[in-house]
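# Survey of secondary and tertiary structure
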Amino acid sequence: MTGEGYAVILVYSTSHAMHIEKLLGKRGVACKMIPVPRQISSDCGVCIRILQAHVEVARQTVEAARIEIQGIAHI
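Quick summary incoming for the structure in this document. (Residues numbered from 1 in each chain as written. Predicted model: local features only at pLDDT ≥ 70, side-chain atom pairs only at ≥ 80, totals over all residues. Heavy atoms only, no water.)

## Looking at the side chain of threonine 61
Relative to the elements of secondary structure, threonine 61 occurs in helix 2 (residues 55-64). Classification of threonine 61 by relative accessible area gives buried; the value is 7%. Setting aside residues no more than four positions away along its own chain, threonine 61 makes contact with Leu23, Leu24 and Arg27. (Helix = DSSP H or I, 4+ residues; strand = E, 2+ residues; numbered from the N terminus. Buried < 20%, exposed > 50% of the residue type's maximum accessible area, 1.4 Å probe, protein only. Contact = heavy atoms within 4.5 Å.)

Next up, the structure:
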């Protein structure tokens, strides 16, 4: 998906968030670990914010690493 704005990768644990942040950084994807926005429910209190333009590369990176996520939400 292309476009302006952000998306968040919802994870099950802080360790997953940290691992994803590291993997995306290696791929040159700008990302930041942030608290889960109030309007979104999550099992974990943190998520990874990325640009909407990077959603597909982020999804591919997470799938290749076999990290289970709750989903990706556009904010």
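More follows now that the structure is in view.
## Side note on the pattern of salt bridges
Two side chains of opposite charge can pair, provided their charged atoms sit close to one another. Within the structure shown, the criterion is met by one salt bridge. Taking the shortest distance from any N to any O, the salt bridge between glutamate 56 and arginine 59 comes out at 3.6 Å. Note that glutamate 56 and arginine 59 are positioned in helix 2 at a spacing of three residues, about one turn of the helix. What makes glutamate 56 partly exposed here is its relative accessible area of 38%. (Salt bridge = Lys/Arg side-chain N within 4 Å of Asp/Glu carboxyl O.)

## Thoughts on the packing of aromatic side chains
With the rule as written, the count across this model stands at zero aromatic pairs. Of note, arginine 49 hangs over the ring of tyrosine 6, and the distance from its end group to the ring centre comes to 4.4 Å. (Phe/Tyr/Trp six-rings, centres within 6.5 Å; stacked < 30°, edge-to-face > 60°. Lys NZ or Arg CZ within 6 Å of the ring centre and 35° of its normal.)

## A word on the nonpolar core
With 16 residues, the main nonpolar core has Ile9, Val11, Ile20, Leu24, Ile48 and Ile50 as its most contacted residues. Broken down by secondary-structure element, the contributors of at least two residues to this core are strand 1 (6-11), helix 1 (14-26), strand 3 (46-51) and helix 2. Those residues within four positions of leucine 24 in sequence are excluded, and the remaining contacts are Ile9, Val29, Cys31, Ile48, Ile50, Ala58 and Thr61. (Core = buried A, V, L, I, M, F, W, Y, C linked by side-chain atoms within 4.5 Å.)

Everything listed here is a matter of geometry and, on its own, says nothing about what the molecule does.
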